[in-house]
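Structural overview for review
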Amino acid sequence: MPEQDRQAGQFEHLRPRMRALAYPLLGSHAEAEVAVREVWVRLGRIDPEEVADLAEWLATVTGRVCLGLLGAREARPRRAPEAVAGPARPVPSDGSVGPALLAALEALAPAERVAFVLHEVFRLPVDLVATALDRTTADTRGLAEQARRRVHGPRATGAGGSPAGPRRWTFSVRRPATGTGRH
């Protein structure tokens with residue numbers, strides 16, 4: 001049991017990262033929390049010693065869970081992500097997920113969305129993303145490239161088809177202010 005307790009503590013420590021990964025994939029804080037809970041259930045079903053790198057395992061499984069949720073969503077009518085619905089909101093200045101990125105992600109197919117967020121945003125190696133998608137590394141690399149072009153639009157390539165330079169998407173988890181006296 002001590003190994004499971006340690007793993008539970010690591011899971012809680014990594015929970016904000018999993019939420020930050022699931023939210024842009026699903027476009028909903030509520031669905032992101034559902035995905036994280038499902039990852040917790042799946043973690044409980046495995047032998048803790050089977051996992052060499054818990055952070056990578058959790059990211060991979062979070063991607064798979066989100067892919068499953070996105071696939072189930074395809075049968076339902078599309079809706080705007082909660083950050084985009086309603087009156088226009090300014091893009092947050094703290095580097096968190098903005099409405100423009102969510103809208104761009106919403107236009108991607110589920111596998112493209114997972115490939116883009118896991119590889120381009122969270123910088124997971126393509127082979128891990130391929131595992132999450134249950135595809136070959138080459139196929140996954142192609143999905144990530146295609147998603148990058150669709151998200152970035154015509155700006156994604158410069159003259160002669162070369163990349164116009166990497167665009168950095170940053171995601172952060174908002175934490176409550178500490179008692180530092182700063183406002």
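Residues numbered from 1 in each chain as written. Predicted model: local features only at pLDDT ≥ 70, side-chain atom pairs only at ≥ 80, totals over all residues. Heavy atoms only, no water.

**Brief notes about the packing of aromatic side chains**
Each aromatic ring pair is described using two quantities: the centre-to-centre distance and the angle formed by the ring planes. The final tally for this structure, using the stated rule, is one aromatic pair. Between F11 and W40, the aromatic rings sit 4.8 Å apart at their centres with planes inclined by 55°, giving tilted as the arrangement. You can see F11 sitting in helix 1 (residues 2–26) and its partner W40 sitting in helix 2 (residues 29–44), a full 29 residues away along the chain. (Phe/Tyr/Trp six-rings, centres within 6.5 Å; stacked < 30°, edge-to-face > 60°. Helix = DSSP H or I, 4+ residues; strand = E, 2+ residues; numbered from the N terminus.)

**What about the pattern of salt bridges?**
As a working rule, side chains carrying opposite charge can pair if their charged atoms are close by. Under the defined criterion, the tally for this structure stands at 10 salt bridges. Residues E33 and R37 are paired through a salt bridge, measuring 4.0 Å at the closest nitrogen-oxygen approach. In this pair, E33 and R37 both sit in helix 2, four residues apart, roughly one turn of the helix. With a shortest N-O distance of 2.6 Å, R148 and E120 are connected by a salt bridge. Of this pair, R148 sits in helix 7 (residues 137–152) while E120 sits in helix 5 (residues 110–121), and the two are 28 residues apart along the sequence. (Salt bridge = Lys/Arg side-chain N within 4 Å of Asp/Glu carboxyl O.)

**Description of the packing of helix 1 against helix 3 (residues 54–73)**
One can describe the packing of helix 1 onto helix 3 by two numbers: an axis separation of 9 Å at closest approach and a directional angle of 40°. Looking at the two axes, helix 1 sits oblique to helix 3. Of the two elements, helix 1 crosses helix 3, and the hand of that crossing is right-handed. Residue-level contacts link Q7, Q10, F11, L14, R17, M18, L21, A22, L25 and L26 of helix 1 to L54, A55, L58, A59, T62, G63, C66, L69, L70 and R73 of helix 3. Partitioning the contact of helix 1 with helix 3 into residue classes produces 14 nonpolar, four polar and two charged. (Axes fitted to C-alpha atoms, helices over the stretch in contact; angles between N-to-C directions. Parallel < 35°, antiparallel > 145°, perpendicular 65-115°, else oblique. Left-handed = near helix turned anticlockwise from the far one by under 90°. Contact = heavy atoms within 4.5 Å. Nonpolar A, V, L, I, M, F, W, Y, C, P; charged D, E, K, R; others polar.)

**Looking at the nonpolar core**
Across soluble globular proteins, nonpolar side chains have a tendency to be buried as a group. Of all hydrophobic cores here, the largest spans 44 residues; its most connected members are L58, F116 and L133. Put simply, the parts of the chain that give this core at least two residues each are helix 1, helix 2, helix 3, helix 4 (99–106), helix 5, helix 6 (126–133) and helix 7. A per-element tally of this core places helix 1 first, with nine residues. (Core = buried A, V, L, I, M, F, W, Y, C linked by side-chain atoms within 4.5 Å. Buried < 20%, exposed > 50% of the residue type's maximum accessible area, 1.4 Å probe, protein only.)

**So, the confidence of the model for the chain**
Mean pLDDT for the chain: 75, with 69% of residues reaching 70 or above. When the elements of the chain are averaged for pLDDT, helix 4 gives the smallest value, 78, and helix 2 the largest, 94. A low-confidence stretch, residues 156–183 (pLDDT under 50), is modelled with 35 contacts involving residues beyond four sequence positions or located in other chains. (pLDDT = per-residue confidence, 0-100.)

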